[in-house]
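# Analysis of the macromolecular model
The residues making up each chain are set out below.
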Amino acid sequence: MRSGFLAIVLVVVAVVGYLSVYVVHPTQQALVLQFGKIIEQPKTEPGFYFKIPFVQNVVYLDKRVLNLNMPPLEPISSDKKRLVVDAFARYRISDPVLFYQRVQNVLTANRRLSTLLQSSLRSELGRTSFVALVRDDRSGVMDAIRNDVSANAKELGIEVVDVKIRRADLPDANSQAIYARMQTERQREATEIRAQGEEQSRRIRSRADRDATVIEAEAKRDAEIVRGDGDAERNKIFAEAFGEDPEFFAFYRSMQAYEAGLQSGDTSLVLSPDSSFFRFFKDPAGVTPPAAGNDNGGSGISTGAPSLAAQ
């Protein structure tokens, strides 16, 4: 009888002792409630703690950084463009007492924080252009959204660590229209650039043709001047040579006539042996006694070469 009573007492003591102890893990923080009211400061350090069984209970809250993923949002930018924005936030429970009093659990906190984030996104993106969001001032927009959400989240005992936009783009229909317009603009610019290049090409080619014509004309002019000067110099030398020794000059001209007139070819000469053309063949001095009658001795000339003999 006494042993049975003792066993019951031991079981009751063990159960009471078990219900009087609770454990806080490193990733947790705990609140002790008595009849739904917080009676102690939150336990944020890991370890074993005691409470009154059956009267007090413990609520555990996460101490780690939590993620909040939002569904895609379609705000309108300041330049009246509808956007598709995919954003997320990271936060931690900074004030467990205030957090429990306002939202009690993480699920409710996510809903409240998601509402705040959507409101802040719509408000800030409504003051921001699409170009500033995707290129010029994305980090500034993110900082403004984070500060706004963080200020409102403090009332929930939440510290917002970061707010990021994964993707900010136009709807598919708008994107296709914009891509088509951009393609048309690039094609127009390409056509203008080609036209300007063709115009410059024609201008350069025309200038080059004009310069070539001028250079060629100037070269021909200079050549004619040089050739004229050469001919004048040659005639001068011939005249001086003729004045110095007329007999040698006559001999030299006859040798040139022989070289030009006696070459093999299609031209035929029919001359009398007594012709003055052959006077240097008979007498090296070129003195030929005058012949009776015609100097040519009735010779006949076919084409061309007699002009050489006349020289």
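Our structure's up above, just so we're on the same page.
A brief look at the structure comes next. Since we're looking at a predicted model, the values are computed, not measured.

Take the overall build of the chain next. Helix and strand content of the chain: 9 helices and 8 strands. Within the span of the chain, comprising 311 residues, buried residues form 26% of the whole. Contacts in the chain between residues far apart in sequence, at least 24 positions, make up 67% of those at least 6 positions apart. In the structure as shown, the chain presents an accessible area of about 20800 Å², 55% of it carried by carbon and sulfur atoms.

With that settled, consider the sheet that holds strand E6 (residues 66–69). Pairing in this open sheet of 3 strands is antiparallel, and the strands run E6-E7-E8 from one edge to the other. Of all strands in the sheet, those bounded by a partner on one side alone are E6 and strand E8 (158–169). On average, each strand axis in the sheet is inclined to that of its neighbour by 20°, with strand direction left out of account. As judged from the 10 bridges shared by strand E7 (residues 84–93) and E8, these two strands associate in the antiparallel manner. Looking at E8, one finds that Val-85 is bridged to Ala-168.

Below, the discussion takes up the environment of Ala-153. One can find Ala-153 in helix H5 (residues 138–153). C-alpha separation for the pair Ala-153 and Ala-109, spaced 44 residues apart in sequence, amounts to 9.5 Å. Excluding anything up to four places from it in sequence, Ala-153 contacts Leu-113, Leu-116, Ile-158 and Val-160.

On to the packing of aromatic side chains, then. The full count for this structure, using the stated rule, is 1 aromatic pair. Seen in terms of ring centroids, Tyr-22 and Tyr-49 are 5.7 Å apart; in terms of plane orientation they differ by 25°. Their pairing is stacked. Taken as a pair, Tyr-22 in strand E1 (residues 21–24) and Tyr-49 in strand E4 (residues 47–50) lie far apart in primary sequence, 27 residues in all.

Phi is positive for Phe-54, close to 70°, though the residue is something other than glycine. Considering the arrangement of structural elements, one finds Phe-54 in the loop between E4 and strand E5 (56–62). Phi angles above zero are rare outside glycine, and Gln-104 is one such case at about 70°. Structurally, the position occupied by Gln-104 is in the loop between helix H2 (96–102) and helix H3 (106–125). When its relative accessible area of 46% is taken as the criterion, Gln-104 is described as partly exposed.

Right, let's get into the sheet that holds E5. One open sheet holds the 3 strands; their spatial order is E3-E2-E5, and the pairing between them is antiparallel. A strand with exactly one partner marks an edge of an open sheet, and here the two such strands are strand E3 (37–38) and E5. Here strand E2 (residues 28–34) runs beside E5; their pairing, made up of 7 bridges, is antiparallel. Considered in E5, the bridge of Gln-28 is made with Asp-62.

Time to look at the pairing of E1. Look at any regular strand and the pattern is simple: side chains alternate between the two faces of the sheet. Side chains Tyr-22 and Val-24 of E1 all project onto a buried face; the interleaved residues Val-21 and Val-23 project onto a face where none is buried. Across 4 bridges, the pairing between E1 and E4 is antiparallel. In the strand pairing of E4, Val-24 is matched with Gly-47.

This next bit is on a negative patch on the surface. On the surface, Asp-229, Glu-233, Glu-240, Glu-244, Asp-245 and Glu-247 cluster together to form a negatively charged patch. In terms of residue count, helix H6 (residues 172–244) provides more of the negative patch than any other element does, 4 residues in total. Structurally, Glu-247 is set in helix H7 (residues 246–261). Since its relative accessible area comes to 66%, Glu-247 is described here as exposed.

With respect to the element layout, Ser-77 can be found in the loop between E6 and E7. Taking relative accessible area as the criterion, Ser-77 reaches 3% and is therefore assigned buried. The contact partners of Ser-77, leaving out residues within four places of it in the chain, are Leu-83, Leu-125, Gly-126, Thr-128, Ser-129 and Phe-130.

If you walk through the whole model with that rule in mind, you get 18 salt bridges. In this structure, the salt-bridge partner of Arg-146 is Asp-143, at a minimum N-O distance of 3.1 Å. Of the two residues, Arg-146 and Asp-143 both sit in helix H5, 3 residues apart, roughly one turn of that helix. Looking at Arg-146, the relative accessible area reads 21%, which means it is partly exposed. Two residues, Arg-202 and Glu-198, come together in a salt bridge whose shortest N-O distance is 3.7 Å. In this pair, Arg-202 and Glu-198 both sit in helix H6, 4 residues apart, roughly one turn of the helix. Through salt bridges with shared partners, one network takes in Asp-143, Arg-146, Asp-162 and Lys-164.

Quick notes on the rules
- Residues numbered from 1 in each chain as written.
- Predicted model: local features only at pLDDT ≥ 70, side-chain atom pairs only at ≥ 80, totals over all residues.
- Heavy atoms only, no water.
- Helix = DSSP H or I, 4+ residues; strand = E, 2+ residues; numbered from the N terminus.
- Buried < 20%, exposed > 50% of the residue type's maximum accessible area, 1.4 Å probe, protein only.
- Contact = heavy atoms within 4.5 Å.
- Areas by Shrake-Rupley, 256 points an atom, 1.4 Å probe, with all protein chains shown as cover.
- Pairing = 2+ DSSP bridges.
- Axes fitted to C-alpha atoms, helices over the stretch in contact; angles between N-to-C directions.
- Phe/Tyr/Trp six-rings, centres within 6.5 Å; stacked < 30°, edge-to-face > 60°.
- Patch = residues over 30% accessible without salt bridge, like charges linked within 9 Å, V, L, I, M, F, W, Y side chains within 5 Å.
- Salt bridge = Lys/Arg side-chain N within 4 Å of Asp/Glu carboxyl O.
- Lys, Arg positive; Asp, Glu negative; His and termini not counted.
- Charge placed at Lys NZ, Arg CZ, Asp CG, Glu CD.

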